[in-house]
Amino acid sequence: MDRDETLSRLDAIQVRSLARLREAGTDRGLLVELLESACLLELAKIETTSIDPTSYLQHAVDVVAQMYPVAGVAATVTMPGRESIVVHAGEVTTDDQLSALGAGDDGAGAAGRYPLVGGGVTLGVLTAGAPKADLGSPTHFFEQVARQVAQGLAGVLHSDQLRREVATATASRVAAQLVDEQIAEGLEELGLALASFPGVIAAELSIDHDAVGPPLRLRSGYWDYDGHAHSIDSVTLEEGKSRRLTARIRSADESTPDESAIRAVLEHLVQSLDRIASTRALREEAETEPLTGLGNRRRLQRALDQHLSRARRYDERVAVFLLDLDRFKAVNDELGHDAGDAVIIACANALRDRTRAYDELVRLGGDEFVVIAPVPDALRAGQLADEMREHIAWRCNALLPADWGLSAAIGVAVFPDAATDPESLLRAADIALYRAKDSGSDGVMFAEPMVTDITAKVRPRPRRG
């Protein structure tokens, strides 16, 4: 039987009880004793192992208010490190209103306050309004109610604490054990763990850190529900760069989630991401081309795999730019290899100037370079290609004699429009580069989009006439 059915049944019990108490000749003492026993029995039936403290208290005051003829019942609980819990049932909403009720209709006593004591600790107070019928002195009954509610609340708090500890331990473990090869899967698992905290119905992680590439936002749980959102930020500084992680937690009620526990999880996450970034830096030393400091062919393959894996998971686009320098052979032949090396270094620096920390830059060899960059669409890819082309010409020509006119040709292939696997994407960018060079120096060409409609691949068969 759910809570609504329980309360509906208790409403009927109270109506019948009031009618019998007001009948002449009824043994009122026996009826009051039966009513009080029934109320205490219903309180004992409330589940205490799988609900939160607020829900338990609300259910408890509902039971009393709807079984025992009083104007209203309220409970206030204050615990260190948590927001106060205030619940009420009946015709009142605050302790002040309860106190102002005074005597009941039949001249019974005024409202009373009863401490909720569990484990020798005062957890809060139960406030009962004036009786609606002559029930004698309800003090003894409400003292029993307060003891029973306090006992149930202590059990709920213990279970709630265990759930919080388990949820915190699970989320902390996931955050601490994050690995580079499965970083996306680990972050999604962490989002689910945060959404499993007691009282939480949804969680959102916003991460701005080099280890995850472009800023990432992950959501888990019921975000369509009109709950209450709470933001918890974690900002760290490392070598002058800021790293921001934000957890938005949506709770079912106005209670604040365990901020200290969630912040501890974010600290574990920051440490894991910093560790991943440091490991990548060490690994990249072995994958670095010595002249420019850019990546080599080994890094190209790994970077393509990682970028495309993320793009598939989050429905993103990735652009591959393949470029080489026009007239670079003439630089080596006419000005010498030292001048050629200086131009190559200038080209690498120009690419750094026009890309972001999470874009991948690779020198294939000679004057050939590859840039892998997540983009929102092909338009942005074209803008980025033009920016790189213009900046390369400016940087490189600054090292050459006047009117040398060195430029760059760039071929662009966008995932998943041009291809859906690393090898095909590089091949598409290579074909686009040769088209750019065939059309003249200092140009940008896009790879042709894949043909996905089979009817476009087959020529219609002519009709016989």
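Counting of residues starts from 1 at the beginning of each chain's written sequence and follows it residue by residue. Only residues with pLDDT of 70 or above have their local features reported here, since the model is predicted, and side-chain atom pairs are shown and tallied only from 80 upward, although totals for entire chains, interfaces and linings are computed over all residues. The basis for every side-chain value is the complete set of non-hydrogen atoms in the structure, without hydrogens or water.

Focus: the side chain of D180
Counting from the N terminus, the helices are DSSP H or I runs at least four residues long and the strands are E runs at least two residues long. With respect to the helices and strands, the residue D180 is situated in the loop between α5 (139–176) and α6 (183–195). We call a residue buried when its accessible area falls under 20% of the maximum for its residue type, exposed when it is over 50%, and partly exposed in between, using a 1.4 Å probe and counting protein chains only. A relative accessible area of 12% means that D180 is categorised as buried. Within polar-contact distance, the side chain of D180 engages the side chain of R280 at 2.7 Å. Contacts are residue-level and defined by heavy atoms, with any inter-residue pair within 4.5 Å sufficient. With residues near it in sequence (within four places) discarded, D180 still touches I276, R280, R283 and Q306. Definition of a polar contact: a pair of N or O atoms within 3.5 Å, with one able to donate and the other able to accept a hydrogen when the atoms are protein atoms, and with sequence-neighbouring residues admitted only if both atoms are side-chain atoms.

Some remarks on the sheet that holds strand β12 (residues 407–415)
Taking strand neighbours across the sheet as the criterion, the 5 strands line up as β10-β11-β9-β12-β13 in an open arrangement whose pairing is mixed. Of all strands in the sheet, those with a lone pairing partner are β10 (360–365) and β13 (444–446), marking the two edges. Adjacent strand axes in the sheet meet at a mean angle of 20° when their direction is disregarded. Strand pairing is assigned whenever DSSP detects at least two bridges linking the two strands. Judged from the 3 bridges that link them, β12 and β13 form a sheet pairing that is parallel. Paired with I410 across the bridge in β13 is V444. Lying on the sheet, helix α11 (residues 378–397) is in contact with β9 (317–326), β11 (368–375), β12 and β13; it crosses β12 at an angle near 160°. Only the stretch in contact is used when fitting a helix axis, every axis being a line fitted to C-alpha atoms; angles between N-to-C directions are given from 0 to 180 degrees.

Thoughts on the packing of aromatic side chains
Any two rings among Phe, Tyr and Trp, with Trp reduced to its six-membered ring, count as a pair given centres within 6.5 Å; such a pair is stacked if its planes are under 30 degrees apart, edge-to-face if over 60, and tilted if neither. All told, the structure shown has 4 aromatic pairs when counted by the stated rule. For the ring pair Y68 and F142, a centre distance of 5.4 Å and an interplane angle of 80° mean the geometry is edge-to-face. Here the residue Y68 occupies a position in the loop between α3 (53–67) and β1 (72–77), and F142 occupies one in helix α5, the gap between them amounting to 74 residues. With respect to class, Y68 is no different from F142; both count as buried. Plain terms: the ring middles of F141 and F142 are 5.1 Å apart, the flat faces sit at 65° to each other, and that makes the pair edge-to-face. Taking the relative accessible area as the measure of exposure, F141 reaches 1% and is therefore buried. A connected cluster of aromatic rings, assembled from ring pairs, spans Y68, Y114, F141 and F142.

Comments concerning the sheet that holds strand β3 (residues 112–118)
Strand order in this open sheet of 4 strands is β2-β1-β4-β3, and the pairing throughout is antiparallel. Only two strands of the sheet have a single neighbouring strand rather than two, namely β2 (85–90) and β3. Within the sheet, the average angular offset between the axes of one strand and its neighbour, ignoring direction, is 20°. With 5 bridges connecting them, β1 and strand β4 (residues 121–128) associate as antiparallel partners. Looking at β4, one finds that T76 is bridged to V125. Across the sheet, α3 is in contact with β1, β2 and β4; its angle to β2 comes to roughly 25°. Across the face of the sheet, α5 comes into contact with β1, β3 and β4 while running at roughly 35° to β3.

Quick word on the packing of helix α10 (residues 337–353) against α11
Between α10 and α11, whose axes approach to 8 Å, the crossing angle comes to 140°. If you check the angle between α10 and α11, you find them oblique. When the axes of α10 and α11 are compared, the crossing they make is right-handed. Taken together, the residues of α11 that come into contact with α10 (itself represented by V343, A346, C347, N349, A350, L351 and D353) are M388, H391, I392, R395 and C396. The residue inventory of the contact of α10 with α11, partitioned by class, reads 8 nonpolar, 2 polar and 2 charged. For classification purposes, angles smaller than 35 degrees are called roughly parallel, those larger than 145 roughly antiparallel, those between 65 and 115 roughly perpendicular, and all remaining angles oblique. Crossing handedness is defined as follows: a turn of the near helix away from the far one that is anticlockwise and smaller than a right angle gives a left-handed crossing, while the clockwise case is right-handed. All amino acids are sorted into three groups, where Ala, Val, Leu, Ile, Met, Phe, Trp, Tyr, Cys and Pro are nonpolar, Asp, Glu, Lys and Arg are charged, and the leftover types, Gly among them, are polar.

A short note on α6
Expected span of a helix: the number of residues minus one, times 1.5 Å. Helix length check: α6, at 13 residues, gives a terminal C-alpha distance of 19 Å against a target of 18 Å (1.5 Å per residue), a fit within 8%. Taken together, the buried positions of α6 are I183, A184, G186, L187, L190, G191, A193, L194 and A195.

Geometric descriptors of this kind do not, in isolation, establish any biological role.
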